[in-house]
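Chain by chain, the residues run as shown.
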Amino acid sequence: MQISTILNAKRTRAKIAGGSKKRLIETLAGIFSESDNGLDQTELFQHIFARERLGSTGIGGGIAIPHCRFKTEGATLCACVTLEEAIDFDAVDSKPVDLIFAMLVPENAEDEHLQTLAALAETLQRDDFVKRLRNCKTDEELFNVASGVN
């Protein structure tokens, strides 16, 4: 899977304030709703937050992949965010999170959802890639690194 197929520059933010897990999820819902007309921010927040209550999407190493099924008109969508300061995310390793790839998948996408999530998690196991993402200072630089342009 190429991240560039599900990520766009409008859904990429470098070095933003996180605050808390709840505040970050509100921010992610806003990013998706601003960049993709027709996505309701409040409804999206509720879906992502409800999924997060089932179990943390903090996969360890300071990385989280919050995700949910949503009405996306058949498309899988991704947002990439780095934080100025890491926040508690109830991650599996109990370490705070500063790198987030949020993902929305179509409501009826069962296998695709799991395959895309697994591919993204595998990509985020590459230390060199993660380090480059964390070093990005601007939204544009983060988008280019995340999508494989640089």
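The coordinates are above.
Anyway, here's the lowdown on the structure attached to this text. Here the structure is a predicted model, which means the values were calculated and not measured. (Residues numbered from 1 in each chain as written. Predicted model: local features only at pLDDT ≥ 70, side-chain atom pairs only at ≥ 80, totals over all residues. Heavy atoms only, no water.)

## So, the side chain of Thr12
Link 1 in the chain: With respect to the secondary-structure elements, Thr12 resides in strand E1 (residues 7-16).
Link 2 in the chain: For Thr12, a relative accessible area of 0% gives the class buried.
Link 3 in the chain: A distance of 3.0 Å separates a polar atom in the side chain of Thr12 from the backbone oxygen of Asn8.
Link 4 in the chain: The residues contacting Thr12, other than those within four sequence positions of it, are Leu7, Cys80, Asp139, Leu142 and Phe143. (Helix = DSSP H or I, 4+ residues; strand = E, 2+ residues; numbered from the N terminus. Buried < 20%, exposed > 50% of the residue type's maximum accessible area, 1.4 Å probe, protein only. Polar contact = N/O pair within 3.5 Å; in protein donor to acceptor, adjacent residues only side chain to side chain. Contact = heavy atoms within 4.5 Å.)

## Some words on the environment of Gln46
Link 1 in the chain: Relative to the elements of secondary structure, Gln46 occurs in helix H2 (residues 41-54).
Link 2 in the chain: Note on Gln46: relative accessible area 47%, which makes it partly exposed.
Link 3 in the chain: Separated by 77 residues in the primary sequence, Gln46 and Thr123 have C-alpha atoms spaced 27 Å apart.

## Considerations on the state of the cysteines
Link 1 in the chain: The tally for this structure, following the rule as stated, stands at 0 disulfides.
Link 2 in the chain: Free cysteine: Cys68, not disulfide-bonded; nearest cysteine sulfur from Cys78 at 12 Å.
Link 3 in the chain: Lacking any disulfide linkage, Cys136 is separated from the closest cysteine sulfur, that of Cys80, by 8.0 Å.
Link 4 in the chain: The class of Cys136 is buried, set by a relative accessible area of 0%. (Disulfide = S-S within 2.5 Å.)

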